[in-house]
Amino acid sequence: MSKNMIIAGLAVFVIAVLSPFWFNMATETQAAPKPELLGKAKAEKKCVLDKYEMRANHMSLLDEWRDSVVRDADRKYTGTNGHTFNMSLSTGENSCLGCHEDKAKFCDSCHEYASVSPYCWECHTNPKEIE
Amino acid sequence: MMEKSRRSFLKVAGIAAVGIGAAPAINFAASDSHGSAQVAKAKNEEALHAHRWGMVIDTNKINEEVAEAVRHACHKAHNVPDFNHEVDEEKFPNTRPVNHKQEIKWIWEEHFQYAFPDKEDEFLAEKFQHLPFLVTCNHCKQAPCVQACPTQATFKREDGIVLMDYHRCIGCRFCMAACPYGSRSFNFRDPRPFIEETAAAFPTRTKGVVEKCNLCAERLALGQQPHCVEASEGAIVVGDLEDPESEVRALLNEHYSIRRKQSLGTEPSVYYIV
């Protein structure tokens, strides 16, 4: 009797634990969009830091940059690829948007998927949008 | 035959656990030192440097047109909103009506008696009653706004510029209460609908932050003179107050100059040749 109860309980437990996986298998889920590299960024191949580091830590890097520019007046950043960048989101050729020209395909697509809304663009401007 | 006692098993298990725990820490330390050796931060080579930036305004060279040109050049380049600007309804629908008591200004014209209330006189030379005095942030040596700011959003840079980190500003407006010159403005609303032409080289501000003149820190970093200097036709000179060889010091040596509300002890860095 107790043996049957235990086995039934185990079966319910396993089904409950694995249910999210089965649910995902049954329904169609959207894969995370890849940031699209266009124009100059595509030709460059290598960003300020390694690809995976940029994916995981770009927000920390930007935070570091803004403190550096605003508080220490250091505006040049030499990345791991040996190139020197202008520590700026959107001003000039050598800034983030200077290379990653399409903000919608580079920043927004991922941020939307991940449901994060950084408030960078409440003050900073996308030069493409101004024109 | 090797006999495994419980004691020896626990010993080996304990050492293994320490090893597993230590590996990520060692990896992290190794990657960190590796990273910082490669990346480097530096100032622009062309940047202008000073021990203490200051400004000298020759009031004899300033008339209405020059003052207006200076104000316009500054406000345009820094995306300072003008609440008299007609809002583009297509781009900014449902913008609520303007309260004209609110204004945002970085540099503006002021009458002598308001700019220098302690120097007003019964028989003041008549020219002072009509001259437009350009007033802006004084980048004080003992800046009261810096002391008042609870988040260090307003801070004094090494070169004497009183600068704002808009990212840190929480909009408490203590700095506005502390500033005896009224040099600071608060964004009661989103400024973007009231910017005629957004300059791409400088960000706008957002609702809820204070703003003021930054002595064109972004231009000094590029080796350029501030916008007001360029638009002033020689009436405004910006330079190093602590360098005896500098142009500003030469001007101050040759002419009599005054500063605003000097008795308060804030040590303003903006001098007026009268």
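Residues numbered from 1 in each chain as written. Chains lettered and ligands numbered in written order. Predicted model: local features only at pLDDT ≥ 70, side-chain atom pairs only at ≥ 80, totals over all residues.

J.: Go over the interface of chain A and chain B, please, and point to the residues and values.
T.: Tallying the contact residues gives 19 residues for chain A and 21 residues for chain B. Mapped by element, the contributors of at least two residues to the side of chain A that touches chain B are α3 (51–72), β1 (76–78) and α6 (127–130) of chain A. Per-element accounting of the side of chain A that touches chain B gives the leading share, four residues, to α3(A). Pairing analysis gives three bridges linking β1(A) to strand β1 (residues 40–42) of chain B, with the strands arranged antiparallel. Bridge pairing links A:T78 to B:A40 in β1(B). (Contact = placed C-beta atoms within 7 Å. Helix = DSSP H or I, 4+ residues; strand = E, 2+ residues; numbered from the N terminus. Pairing = 2+ DSSP bridges.)

J.: Would you mind going over the sheet that holds β1(B) in detail, with residue names and values included?
T.: Pairing is antiparallel across the open sheet formed by three strands, whose spatial order is β2(A)-β1(A)-β1(B). Since the sheet does not close on itself, it has two edges, and those belong to β2 (84–86) of chain A together with β1 of chain B, each with one partner. Across this sheet, the average inter-strand angle for adjacent strands is 25°, counted without regard to direction. Where β1(A) and β2(A) come together, three bridges link them in antiparallel fashion. Bridge pairing in β2(A) places A:Y77 opposite A:F85. (Axes fitted to C-alpha atoms, helices over the stretch in contact; angles between N-to-C directions.)

J.: Describe α3(A), listing the residues and the values that go with them.
T.: It helps to recall that an α-helix has 3.6 residues per turn; residues three or four apart then point in one direction. The end-to-end C-alpha distance of α3(A), which contains 22 residues, comes to just 27 Å, noticeably less than the 32 Å that a straight helix rising 1.5 Å per residue would cover. Of all bends in α3(A), the biggest is about 75°, found at A:N57. Turning to α3(A), its buried residues number three or more, namely A:W65, A:V69 and A:V70. Next to the buried residues of α3(A) lie β1 of chain A together with β6 (162–164) of chain B. Looking one or two residues beyond α3(A), the residue adopting positive phi is A:A73, at roughly 60°. (Expected span 1.5 Å × (residues − 1). Bend = angle between axes of the 7 residues up to and from the residue. Buried ≥ 20, exposed ≤ 12 C-beta atoms within 10 Å, placed from the backbone.)

J.: Describe the pairing of strand β2 (residues 53–58) of chain B, listing the residues and the values that go with them.
T.: Residues and elements named next belong to chain B. Burial analysis of β2 places five of its six residues in the buried class, which makes it a mostly covered element. Here β2 pairs with strand β9 (residues 236–240) via five bridges, running antiparallel. In the sheet register, I57 faces β9, and the bridge partner there is I236.

J.: Quick rundown of unusual backbone geometry? Include the residues and the values.
T.: Glycine aside, negative phi is the norm for most residues, and most peptide bonds take the trans geometry. Even without glycine at this site, A:A73 takes up a positive phi of about 60°. Mapped onto the secondary structure, A:A73 falls in the loop between α3 and β1. On the neighbour-count criterion, A:A73 (20 C-beta atoms within 10 Å) is buried. Although it is not a glycine, B:N94 adopts a positive phi angle of roughly 60°.

J.: Give a description of the environment of B:R168 that names residues and reports values.
T.: Residue and element names in this part refer to chain B. Mapping R168 onto the fold places it in the loop between β6 and α6 (174–178). Considered as a pair, R168 and L131 are 37 residues apart in the sequence and their alpha carbons are 38 Å apart. In this view, R168 contacts T151, Q152 and A153; residues no more than four positions away in its chain are not counted.

J.: Which residues make up the sheet that holds β2(B), and what values do they have?
T.: Spatially, β9-β2-β11-β10 (chain B) is the arrangement adopted by the four strands of the open sheet, whose pairing is mixed. Lying at the two open borders of the sheet, with one neighbouring strand each, are β9 and β10 (257–258) of chain B.

J.: Report on the confidence of the model for chain B, specifying residues and quantitative values.
T.: With 95% of its residues at a pLDDT of 70 or more, chain B shows a mean pLDDT of 91. Confidence metrics for the complex model read pTM 0.81 and ipTM 0.77. (pLDDT = per-residue confidence, 0-100.)

J.: Can you explain the nonpolar core? Please cite residues and give values.
T.: If you look at the biggest cluster of nonpolar residues, it comprises 60 residues, and the most contacted ones within it are B:I57, B:L134 and B:I236. Apart from the residues within four sequence positions on either side, B:L134 is in contact with B:I57, B:I62, B:A67, B:V70, B:I107 and B:E109. (Core = buried A, V, L, I, M, F, W, Y, C linked by C-beta atoms within 7 Å.)

J.: If you had to explain the environment of A:L89 to someone new, which residues and values would you point to?
T.: Residues and elements named next belong to chain A. Assignment of secondary structure puts L89 in the loop between β2 and α4 (96–99). Given 20 C-beta atoms within a 10 Å radius, L89 is considered buried. Put simply, L89 and C120 are 31 residues apart on the chain and 8.8 Å apart in space, counted from C-alpha to C-alpha. Those residues within four positions of L89 in sequence are excluded, and the remaining contacts are S95, C96, L97, C120 and H124.

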